[in-house]
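Notes for the structure review
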Amino acid sequence: MTARRACGLRTALSLFTVIPAGAGAELGEGEAAAAVLWLPAVGLLLGGLAAGVMLGVAAGGDSGPRRLLGAVLAVGLLALLTGGLHLDGLADTVDGLGSRRPAQQALEIMRRSDVGPMGVAALVLLLLIQVAALAAVPRTSLAAAALVLAAVTGRVAVVLATGSLAARPGGFGALVAGQTTTAARELTAALFAVAVAAAGLLAGGWALATLGMIAALAGLLAGALLQVAARRRLGGMTGDVFGAIIEISTTAALVASALLS
């Protein structure tokens, strides 16, 4: 059991980050679905590394310019560690959904290697919002915690979205969409809620726990709305949509944290 769990985590790291984890090249439906369930743990790792950068920059003084610099470096590190994978999914999803074409044509647009103007605009706007939201949190320690929360929230949103079916055969989306069990998704959501509440209580009492829960709910709601839009417009989920859900959910959680802090 321990070996199987370690294998799932290594597969998740290999799939969703540039961190060398030594996972095998072959990937089937069972392995992909198991790896997706490790996404929140991957988010915790990535968010922790990016938060460490913010805290390191602020070590010389918690001033506004340093918070802005820390936010830029942290967001850049997240993009670097994920190889831009989720950002690419966001751009493709925006191009597809924004094309107003029928589902099959929209999916074909999403499969193209080039990025359209709507995708570029979405990328720039999203990164600006993420940086601004982090810099707007009044204390770097709170901003670092918000970043970790947002990184995990975005990936929990993907686990929950795997309850939907795939929009097309083939691709990573088809390997995980509809392949996780209801029990696994519910357990992920429950553990996430308990972890957010417990961390908030230990770090700052009920007020911080409430803030964390609201920010997490905002992120999950944003991801759920994109999931609904993908089902209606595309007929289901794709790997690009899963990537877009991570970015949209992460951003919504950061914005909520900034507005509430």
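A few points on the structure. Keep in mind that this is a model prediction, so the values were computed, not measured.

A few words now on the overall build of the chain. Helix and strand counts for the chain stand at 12 helices and zero strands. Traced from its N-terminal end to its C-terminal end, the chain shows the element sequence α-α-α-α-α-α-α-α-α-α-α-α. A globule of 261 residues ought to have a C-alpha radius of gyration of about 18 Å, and the chain, at 18 Å, matches this closely. The burial tally for the chain puts 46% of its 261 residues in the buried class. Summarising the internal contacts of the chain: among those between residues at least 6 apart in sequence, 75% fall at separations of at least 24. Accessible surface for the chain amounts to roughly 12100 Å². Of this, 67% is attributable to carbon and sulfur atoms. Distance between charge centres in the chain, computed from 16 positive and 12 negative side chains, equals 7 Å.

Following the sequence through the fold, T238 ends up in the loop between α11 (206–234) and α12 (239–260). When near neighbours in sequence (up to four residues on either side) are disregarded, T238 contacts L107, M110, A167, R168 and G173.

Okay, helix α3 (residues 39–58) next. Helix length check: α3, at 20 residues, gives a terminal C-alpha distance of 28 Å against a target of 28 Å (1.5 Å per residue), a fit within 8%. For α3, the full list of buried residues reads L39, P40, V42, G43, L46, G47, A50, A51, M54, V57 and A58. Here the buried residues of α3 occupy an arc of 160° about the axis, which is enough to place them on one side.

Across all of its chains, the model carries one salt bridge by this definition. Between R67 and D62 there is a salt bridge; the shortest N-O distance is 3.9 Å.

What follows concerns the packing of aromatic side chains. Tallied over the full model, the rule gives one aromatic pair. A ring pair is formed by F16 and F172, whose centres lie 5.7 Å apart and whose planes are at 80°; its orientation type is edge-to-face. Separated by 156 residues along the polypeptide, F16 in helix α1 (residues 2–16) and F172 in helix α9 (residues 171–176) bring together distant segments of the chain.

The partly exposed category is assigned to F172, whose relative accessible area is 25%. The spatial distance from the C-alpha of F172 to the C-alpha of A197 is 33 Å, given a sequence separation of 25 residues.

Moving on, we get to the packing of helix α5 (residues 85–98) against α11. Two numbers describe how α5 lies on α11: the axes approach to 11 Å, and their chain directions differ by 50°. Viewed along their axes, α5 and α11 adopt a mutual orientation that is oblique. In terms of crossing hand, the pair formed by α5 and α11 is left-handed. Seen from α5, the contacting residues are T93, G96 and L97; seen from α11, they are L226, A229, R233 and L234.

Looking now at the packing of helix α10 (residues 182–204) against α11. When two helices pack together, their arrangement is given by the angle between the helix axes and by the axis-to-axis distance. Running from N to C, α10 and α11 cross one another at 150°; their axes reach a closest spacing of 7 Å. Helix-helix and strand crossings are classified by hand; for α10 and α11 the assignment is right-handed. On α11, the residues touching F192, A193, V196, A197, G200, L201, A203 and G204 of α10 are W206, A207, L208, A209, G212, M213, A216 and L220. A per-class count over the contact of α10 with α11 returns 13 nonpolar, three polar and no charged.

Cut-offs applied
- Residues numbered from 1 in each chain as written.
- Predicted model: local features only at pLDDT ≥ 70, side-chain atom pairs only at ≥ 80, totals over all residues.
- Heavy atoms only, no water.
- Helix = DSSP H or I, 4+ residues; strand = E, 2+ residues; numbered from the N terminus.
- Rg over C-alpha atoms; globule rule 2.2 N^0.38 Å.
- Buried < 20%, exposed > 50% of the residue type's maximum accessible area, 1.4 Å probe, protein only.
- Contact = heavy atoms within 4.5 Å.
- Areas by Shrake-Rupley, 256 points an atom, 1.4 Å probe, with all protein chains shown as cover.
- Lys, Arg positive; Asp, Glu negative; His and termini not counted.
- Charge placed at Lys NZ, Arg CZ, Asp CG, Glu CD.
- Expected span 1.5 Å × (residues − 1).
- Arc of directions from axis to C-beta.
- Salt bridge = Lys/Arg side-chain N within 4 Å of Asp/Glu carboxyl O.
- Phe/Tyr/Trp six-rings, centres within 6.5 Å; stacked < 30°, edge-to-face > 60°.
- Axes fitted to C-alpha atoms, helices over the stretch in contact; angles between N-to-C directions.
- Parallel < 35°, antiparallel > 145°, perpendicular 65-115°, else oblique.
- Left-handed = near helix turned anticlockwise from the far one by under 90°.
- Nonpolar A, V, L, I, M, F, W, Y, C, P; charged D, E, K, R; others polar.

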